[in-house]
Amino acid sequence: MFSRQLLSTVLIKPPIHSFQHKNFLSTMSNSFKLACIQLSVTADKTVNLLKTKSKILEASRNGAKVIVLPECFNSPYGTQYFAEYAENISQGESAKTLSEAAKEAKAFVVGGSIPEREDSSGKLFNTCLVYDTEGNLIAKHRKVHLFDINIPGKIKFQESETLSPGNSLTQFETDYGKIGIGICYDMRFPEMAMIASRKGCIAMIYPGAFNLTTGPLHWELLQRARAVDNQFFVATCSPARDMSAAYHAWGHSTIVDPSGQILATTEHEEAIIYANIDVEQIKVIRQSIPVPSQRRFDLYPNITANE
């Protein structure tokens, strides 16, 4: 199956309205091309940023209007690297590169994630920056759920040794509809995607770097589950695999449609995958299988009721 080819803090946060099943898609553009850039990441930040901009422009030339980067696209992934590569967002070279690339590409850029240092506290975060077609920073998501796992004989990893968690959820507006953001381990928590769906999102995007243990087990399964549960699109974007690095990413960046079918995926090498996101498909599947209107909030709580 692997041979097949998609808050913390919101800086500019439009009003979030209750989800209206019948008409929330009525004013959206019908379709757009989404690209996920599975980038080869090195220990040289300058090299990573130059390649990042080049790949964003390549995806734009191929028609992509929303372009996604992988988790930790500017640095190696690992607790030993976060402090060394961390940047202040307002002055950081990674943010500048993303802004320039988004403006030149005339595309929305979901900037994977970078290690962020908060000047006021000195805390480190795993942070995704989102830019609009004019290069404006429109959202910032700090990874909510830190990757602290211990699978005996397989892998032990503790992001909390160096990182702090974000404390809010993130959705941002595009010309095509609202999109939710999570980072990697956030994908294991269905509440995030469920809230995004009920807030009217057309997709959930997860930059991520699953490893060679959890990747084969759950990477594709979780994406398809989040898509089917919420009847919207799900995209993941991983770094390419580097077996000489300290952490071995699974790769297999993927785009899934609202019925759980895989629209695009790849193996573990550097690649760009593309899929046409037909927003109308969400309306069709929700009319055919009307889960949103059939929920029994008399039996279980509505997790968005108090927002």
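Refer to the structure printed above.
Residues numbered from 1 in each chain as written. Predicted model: local features only at pLDDT ≥ 70, side-chain atom pairs only at ≥ 80, totals over all residues. Heavy atoms only, no water.

### Notes on the environment of S31
Test applied: We count a stretch as a helix when DSSP gives it H or I for four or more residues in a row; a strand needs E for two or more, and each element gets its number in order from the N terminus. Each residue is placed in one exposure class: buried if its accessible area under a 1.4 Å probe, protein chains only, is under 20% of its type's maximum, exposed if it is over 50%, and partly exposed if it falls in between.
Within the secondary structure, S31 is located in strand β1 (residues 31-38). In this structure S31 comes out as partly exposed when scored by relative accessible area, which is 37%. Between the alpha carbons of S31 and D278 there is a distance of 4.3 Å; along the sequence they are 247 residues apart.

### Focus on helix α4 (residues 190-198)
Defined as follows: Residue contacts are counted whenever heavy atoms from the two residues lie within 4.5 Å of one another.
When α4 is considered as a whole, its buried residues turn out to be M192, A193, I195, A196, S197 and R198. Tucked inside the fold, the buried residues of α4 contact β6 (137-142), β9 (170-174), β10 (177-181), β11 (201-207), α5 (214-230) and α6 (280-288).

### Side note on the side chain of T214
You can see T214 is positioned in helix α5. By relative accessible area, T214 is classed as buried at 6%.

### Quick look at unusual backbone geometry
Although it is not a glycine, Q231 adopts a positive phi angle of roughly 55°. Position of Q231 among the secondary structure elements: in the loop between α5 and β12 (233-237).

### Here's the deal with the sheet that holds β12
Working definition: the strands of a sheet are paired by backbone hydrogen bonds and lie parallel or antiparallel to each other. Put simply, the rule reads: Any two strands with at least two DSSP-identified bridges between them are counted as paired. Under this scheme, a helix contributes an axis fitted over its contacting stretch, all axes are lines through C-alpha atoms, and angles between N-to-C directions fall in the 0 to 180 degree range.
Read across the sheet, six strands follow the order β9-β10-β11-β12-β13-β14 without closing on themselves; strand pairing throughout is mixed. In this open sheet, the two strands that pair with only one neighbour each are β9 and β14 (262-265). Sheet twist, expressed as the average angle between the axes of neighbouring strands with direction ignored, equals 20°. Bridge count between β9 and β10: five bridges; the pairing is antiparallel. Directly across from T174, in β10, lies its bridge partner G177.

### Focus on the environment of D148
Note the threshold: By the criterion applied in these results, polar contacts are pairs of N or O atoms within 3.5 Å in which, for protein atoms, one can donate a hydrogen and the other can accept it, and in which residues neighboring in sequence qualify only through two side-chain atoms.
With respect to the helices and strands, the residue D148 is situated in strand β7 (residues 148-151). Spatially, the C-alpha atom of D148 lies 6.8 Å from that of S160, the residues being 12 residues apart in sequence. Ignoring anything within four residues of it in the chain, the contact list for D148 reads F157, Q158, E159, S160 and Y185. Within the structure, D148 has its side chain in polar contact with the side chain of S160 (distance 2.5 Å).

### Remarks on the pattern of salt bridges
Pairing between side chains of opposite charge can happen when their charged atoms approach one another. The criterion, for reference: Salt bridge, as used here, is a side-chain nitrogen of Lys or Arg placed within 4 Å of a carboxyl oxygen of Asp or Glu.
Scanning the model with the defined rule gives 16 salt bridges in all. When the shortest N-O distance is used, the salt bridge between K283 and E280 registers 3.9 Å. Here the residue K283 and the residue E280 both occupy positions in helix α6, the gap between them amounting to three residues, near one helical turn. On the accessibility criterion, K283 (24% relative accessible area) is partly exposed. For E280, a relative accessible area of 33% translates into the label partly exposed. By sharing partners, the salt bridges in this structure join K51, K55, E58 and E270 into a single network.

Take it as geometry only, folks, not as evidence of what the structure does.
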